[in-house]
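Here's the letter readout for the chains.
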Amino acid sequence: MSSVSIRDLTVAFGSTRVLNGLSLDVQAGEFIVLLGPSGCGKSTLLNAVAGLLDVADGQVWIGERNVTWHEPKDRGIAMVFQSYALYPRMNVRNNMAFGLRMAKTPKAEIEERVTRAAELLQISHLLDRRPDQLSGGQRQRVAIGRALVRDAHVFLFDEPLSNLDAQLRNELRVEIKKLHQKIDTTTMIYVTHDQIEALTLADRIVVMKDQKIQQMGTPDEIYLHPANLFVAGFVGSPQMNFFEGELTGGPGGAAFKSGELHLPLDGYNFNSAPVTGQRLTLGIRPEHISITENGPWQGFKTELVETHGADNLIWVGGHNHSLRLRQPGDCKPALGSPLTLAPDMSHISLFDTQTSMRI
Amino acid sequence: MTMMQASGRRPSRISAGTIGIYAFLLIAAVFFLLPAWIMLMTSLKPMEEIRLGNILMWPNAVTFEPWIRAWSEACTGLDCRGVSVGFWNSVRILIPSLILSIAAGAVTGYALSFWRVRGANVMFGLLLLGAFIPYQVFLYPLVRIFAVTGIYNSFACIVLVHVIFGLPIMTLLFRNYYASLPVELFKAARVDGGGFWSIFIRIILPMSTPILIVATILQVTGIWNDFLFGLTFAGRDNLPMTVQLNNIVSSRQGESQYNTEMAATILTAMIPLAVYFISGRWFVRGIASGAVKG
Ligand SMILES: Nc1ncnc2c1ncn2[C@@H]1O[C@H](COP(=O)(O)OP(=O)(O)OP(=O)(O)O)[C@@H](O)[C@H]1O
Ligand SMILES: [Mg+2]
């Protein structure tokens, strides 16, 4: 069991700083997913934890040890790469055994560990093949197997599934999750820009943007209580609906007003005391708006219905807004038909338009 | 009138362009093959027939006498042991120079592309510069250095010179090839606990076959065809085949033995020719994969 602690980490390529004083604590046995758009520094962070690039400042702790200056092999980590990175001239068995050989593990033990990992990943029948004789999914299994035999305390995954097709991705995602449940003493740090992967795999998600951590929390926290506008918009597909408006006071309490749209805010859990007249952005997920007879929002029209199978995505317009609703698959309002909408008040998010932070 | 439906293989048409290309290729082939043909024919003729002219003609009486003489009896000055002496000298020079220069280039290229060596870029720049300075500039200083250290005019000296002068191009070749390999492979090996040499020998080298072949072709031809270094650094006892061939052809005692000289020339060119014929396919593949370009 090893926790991972990244303390004020700065990584620079030449004069450009890619990470600037970043701190992150991962508990032992936790499954952490780093989620963020391309170029936000996820791989850089992972490589720094692995010891594959020099840090300019700060420390990396794994377990009780400061490993900032340790060689990758001495950090008790294993890593799985997006491009699999299997050694092309070695068969699967030797690929998996390479690390153990380098560590001068006794032959019998190597054999035993490789066999065990191969069984766990169902690749026993592939042990004598070379990587170019395997399919993409099989290759990634081998790559995971190669990490597995090393009995590392910390697993680092750098977008391991993004070279696979959708179906395989789903399959392997489940297997990685199961794997973590089997070896729950292992800490996992998993990089992806696929939010579904993040939401399904993670114990906690770390959302990054522009080399900074935007929010860290459980999938539910990230999804239901996004800390700022970026997280709200980045996580969730179809995207959250946003309305820009302002806070109005009144006899009935605080309310949100955007043009003709009006929404009383009693029951909303404010992070900070709101000020009347403050510019606000209201965010509501598509599944948190229902179509009813007597909702507060009238005068919307159906513009488009996207059929997704289990549910339908309905685009509606009105009052200079266009929004998306997610409705059960049997809900197919005719185009142009008028709709009355009711937002689910327990699931709305309010952001300060200026700072973009949740209030 | 019935229209022909387009179906199956498209009929080939001979256009003016195609004819032009073939004509050009034909002329180029003749241009390069003609001298080779003349050499071969001359080497197979007795001197009487050569005196008649007709240099393009197939010999009336084919004789291998000139080949045997060229190999074992042709004279350079008073020494009449044929080009075989030079041949074996060249082989003795070639093998260690080849192995050492490729090994040095491969290791340097590997270090430069995968390991963050401090000052790697500066070093690589210097190496490149070295590749573009004319050899002649280095000759005299090197002669002096070797004379002082006492290895001048020796077998070790000529091997060392070939390794030194092969290093820039070999390094460039291997560095570029290794730069095209995915760096994640190297990272995976580092996490697996591989060190400088174990990663090189167990992972990188086994993937280097194409570039090793290209390097071998370049070096075999370069070292075998070398004249200047051999003449300058090898010493009298180790003169390579090219130098000896020159001595044979230019030693004038009575009538020139054209047939023997031609045979000696063909013998000298045999190794590079064989290398091209055997591995030309690989060479083209190496170039196509971007291994040779700078
Ligand atoms: N070797 C390098 N030299 C200079 N800049 C680099 C280097 N490697 C990465 N960067 C920069 O650092 C930033 C972060 O890169 P990083 O690879 O960590 O992104 P990422 O979050 O993994 O993106 P992706 O999802 O596309 O893999 C990028 O802006 C990139 O341009
Ligand atoms: Mg990345």
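Residues numbered from 1 in each chain as written. Chains lettered and ligands numbered in written order. Predicted model: local features only at pLDDT ≥ 70, side-chain atom pairs only at ≥ 80, totals over all residues. Heavy atoms only, no water.

## Some details on the overall build of chain B
Just so we agree on the cut-off: Secondary structure elements follow DSSP: runs of H or I of four or more residues count as helices, runs of E of two or more count as strands, with numbering from the N terminus. With the radius of gyration taken over C-alpha atoms, the globule rule is written as 2.2 Å times the number of residues to the power 0.38. Under the scheme applied here, a residue whose accessible area is under 20% of the maximum for its type counts as buried, over 50% as exposed, and between as partly exposed, the area being computed with a 1.4 Å probe on protein chains only.
Helix and strand counts for chain B come out as 13 helices and 0 strands. N-terminal to C-terminal, the α/β element order of chain B is α-α-α-α-α-α-α-α-α-α-α-α-α. Compactness check: chain B gives a C-alpha radius of gyration of 25 Å against a globular reference of 19 Å for 294 residues, more than 25% above the reference. In terms of principal-axis extent, the alpha carbons of chain B reach across some 90 × 75 × 30 Å. Taking all 294 residues of chain B together, 41% fall into the buried category.

## A word on the interface of chain B and chain A
Applied cut-off: In what follows, a contact means two residues having at least one pair of non-hydrogen atoms within 4.5 Å. Put simply, buried area is how much 1.4 Å-probe accessible surface two parts lose in total, over both of them, once they are put together. Just to be clear on terms, a salt bridge is a Lys or Arg side-chain nitrogen sitting within 4 Å of an Asp or Glu carboxyl oxygen. Polar contacts here mean pairs of N or O atoms no more than 3.5 Å apart (in protein, one a potential hydrogen donor and the other a potential acceptor; neighbouring residues in sequence count only if both atoms are side-chain atoms). Ten residues, namely Ala, Val, Leu, Ile, Met, Phe, Trp, Tyr, Cys and Pro, are considered nonpolar, four, namely Asp, Glu, Lys and Arg, are considered charged, and the remaining ones, Gly among them, are considered polar.
Each partner contributes to the interface: chain B provides 15 residues, whereas chain A provides 23 residues. Together, the buried faces of chain B and chain A total about 1800 Å²; carbon and sulfur atoms form 64% of this surface. Of all residues in chain B, E184(B), V191(B) and D192(B) give up the largest surface area on contact with chain A, accounting jointly for 37% of the area buried on that side. In this structure, the connection of chain B to chain A is made through 2 salt bridges. With its nearest N and O atoms 3.6 Å apart, the salt bridge here joins D192(B) to R150(A). Between chain B and chain A we count 8 residue pairs in polar contact (both at pLDDT 80 or more) in total. Elements represented by at least two residues in the side of chain B that touches chain A include exactly helix 8 (183-191) and helix 9 (196-204) of chain B. Per-element tally for the side of chain B that touches chain A: the top contributor is helix 8 of chain B, with 7 residues. For the side of chain B that touches chain A, the per-class residue count stands at 7 nonpolar, 3 polar and 5 charged.

## Side note on the site of ligand 1
Residues and elements named next belong to chain A. Applicable threshold: A cutoff of 4 Å decides nearness: a residue is near a molecule or strand if any of its heavy atoms lies inside that distance of it. Each accessible area is a Shrake-Rupley result for a 1.4 Å probe, and residues are judged covered by the shown protein chains and nothing else.
As a structural note, the neighbourhood of ligand 1 is formed by F13, V18, S38, G39, C40, G41, K42, S43, T44, E159 and H193. The side chain of S43 places a nitrogen or oxygen atom 2.6 Å from an oxygen atom of ligand 1. Note that an oxygen atom of ligand 1 is positioned 3.1 Å from one of the side-chain N or O atoms of E159. Alone, ligand 1 offers 630 Å² of accessible surface; in the complex the protein occludes 57% of this. Per element, the largest residue contribution to the shell around ligand 1 is 3 residues, and it comes from helix 1 (residues 42-50). Broken down by class, the residue content of the shell around ligand 1 amounts to 3 nonpolar, 6 polar and 2 charged.

## Some remarks on helix 3 (residues 65-72) of chain B
Quick note on the threshold: What the arc describes is the spread of directions from the helix axis to the C-beta atoms.
Residues of helix 3 of chain B that are buried: P66(B), W67(B) and A70(B). Buried residues in helix 3 of chain B, looked at end-on, bunch into an arc of 100 degrees, giving them a common side.

## Quick notes on the side chain of S90(B)
Structurally, S90(B) can be placed in helix 4 (residues 84-114). Not counting chain neighbours up to four residues away, the residues in contact with S90(B) comprise W224(B), P240(B) and M241(B).

## Quick word on the sheet that holds strand 16 (residues 297-307) of chain A
Residue and element names in this part refer to chain A. We apply this condition: Pairs of strands are assigned from DSSP output, requiring at least two bridges between the strands. Axes here refer to lines fitted to C-alpha atoms; in helices the fit is confined to the stretch in contact. Angles between the N-to-C directions go from 0 to 180 degrees.
Strand order in this open sheet of 5 strands is 15-19-16-17-18, and the pairing throughout is antiparallel. Of all the strands in the sheet, just strand 15 (289-291) and strand 18 (321-328) have a single pairing partner and so form its edges. Looking at each pair of strands side by side, their axes are set apart by 45 degrees on average, direction ignored. In this structure, strand 16 lies alongside strand 17 (residues 311-318), joined through 6 bridges in antiparallel fashion. Looking at the pairing, E306 lines up with L313 of strand 17.

## Description of the pairing of strand 4 (residues 57-62) of chain A
Residue and element names in this part refer to chain A. Two strands pair when backbone bridges link them, and strand 1 (residues 4-13) and strand 4 are joined in this way by 5 bridges, in the antiparallel orientation. Residue pairing for strand 4: R7 is matched across the bridge by Q59. Bridge count between strand 4 and strand 5 (residues 65-66): 2 bridges; the pairing is antiparallel. Each residue of the ladder has a partner; that of W61, found in strand 5, is N66. Counted between consecutive antiparallel strands, the loop separating strand 4 from strand 5 contains 2 residues, among which G63 sits at a positive phi close to 65 degrees.

## Re the pairing of strand 10 (residues 212-217) of chain A
Residues and elements named next belong to chain A. Pairing geometry for strand 9 (residues 204-209) and strand 10, over 5 bridges, is antiparallel. Opposite M208, over in strand 10, you have I213 as the bridge partner. Linking strand 9 back to strand 10 in an antiparallel pair, the connection comprises 2 residues, with D210 at a positive phi of about 50 degrees.

## Focus: the domain arrangement of chain A
Residue and element names in this part refer to chain A. The test is simple: As used throughout, domain bounds are those supplied by an automatic or database domain assignment.
Partitioning chain A into domains gives domain 1 (4-227) and domain 2 (241-352). Put simply, the middle of domain 1 and the middle of domain 2, counted by C-alpha atoms, are 40 Å apart. Facing the 5 residues of domain 1 at the interface are 6 residues of domain 2. With both chains or domains summed, domain 1 and domain 2 bury close to 450 Å², and 49% of this area falls on carbon and sulfur atoms. There are 0 salt bridges connecting domain 1 and domain 2. Run the count over domain 1 and domain 2 and you get 2 residue pairs in polar contact (both at pLDDT 80 or more). Classifying every residue of the side of domain 1 that touches domain 2 by side-chain character gives 5 nonpolar, no polar and no charged.

## Quick look at the packing of aromatic side chains
Note the following rule: Stacked, tilted and edge-to-face are the three classes applied to pairs of Phe, Tyr and Trp rings, where Trp contributes its six-membered ring and a pair requires centres within 6.5 Å; stacked means planes under 30 degrees apart, edge-to-face means over 60, and tilted covers the rest. In this analysis the charged atom, NZ for Lys or CZ for Arg, is taken to sit over a ring once it is within 6 Å of the ring centre and within 35 degrees of the ring normal.
All told, the structure shown has 30 aromatic pairs over all chains when counted by the stated rule. On the numbers, 5.3 Å between centres and 85 degrees between planes, the contact of F31(B) with F32(B) is edge-to-face. Per residue, the accessibility class of F31(B) equals that of F32(B), and both read exposed. Positioned above the aromatic ring of Y87(A), the side-chain terminus of R146(A) is 4.6 Å from the ring centre. Above the plane of the ring of F124(B) lies R175(B), whose end atom (NZ or CZ) is 4.0 Å from the centre.

## Regarding a nonpolar patch on the surface
Residues and elements named next belong to chain B. Rules: Two joining distances apply to patches: 9 Å for like charges and 5 Å for nonpolar side chains (Val, Leu, Ile, Met, Phe, Trp, Tyr), and every residue must have over 30% relative accessible area and no salt bridge.
Taken together, the side chains of L26, V30, L34, W37, I55, L56, W58, V62, F64 and I68 define a hydrophobic patch exposed on the protein surface, amounting to about 1000 Å² of accessible area. By residue number, the principal contributor to the nonpolar patch is helix 1 (residues 16-43), which donates 4 residues. In this structure V30 comes out as partly exposed when scored by relative accessible area, which is 47%.

## A short note on the packing of helix 6 (residues 135-149) of chain B against helix 7 (residues 155-179) of chain B
Residue and element names in this part refer to chain B. Selection criterion: We call two directions roughly parallel when the angle between them is under 35 degrees, roughly antiparallel when it is over 145, roughly perpendicular when it lies between 65 and 115, and oblique otherwise. Crossing handedness follows the turn of the near helix against the far one: under a right angle anticlockwise gives a left-handed crossing, and clockwise gives a right-handed one.
Packing of helix 6 against helix 7 leaves a shortest axis separation of 13 Å and a crossing angle of 140 degrees. Put simply, helix 6 runs oblique to helix 7. Helix-helix and strand crossings are classified by hand; for helix 6 and helix 7 the assignment is right-handed. Of the residues in helix 7, those in contact with Y135, F138, L142 and F146 of helix 6 are C157, L160, V161 and F165.

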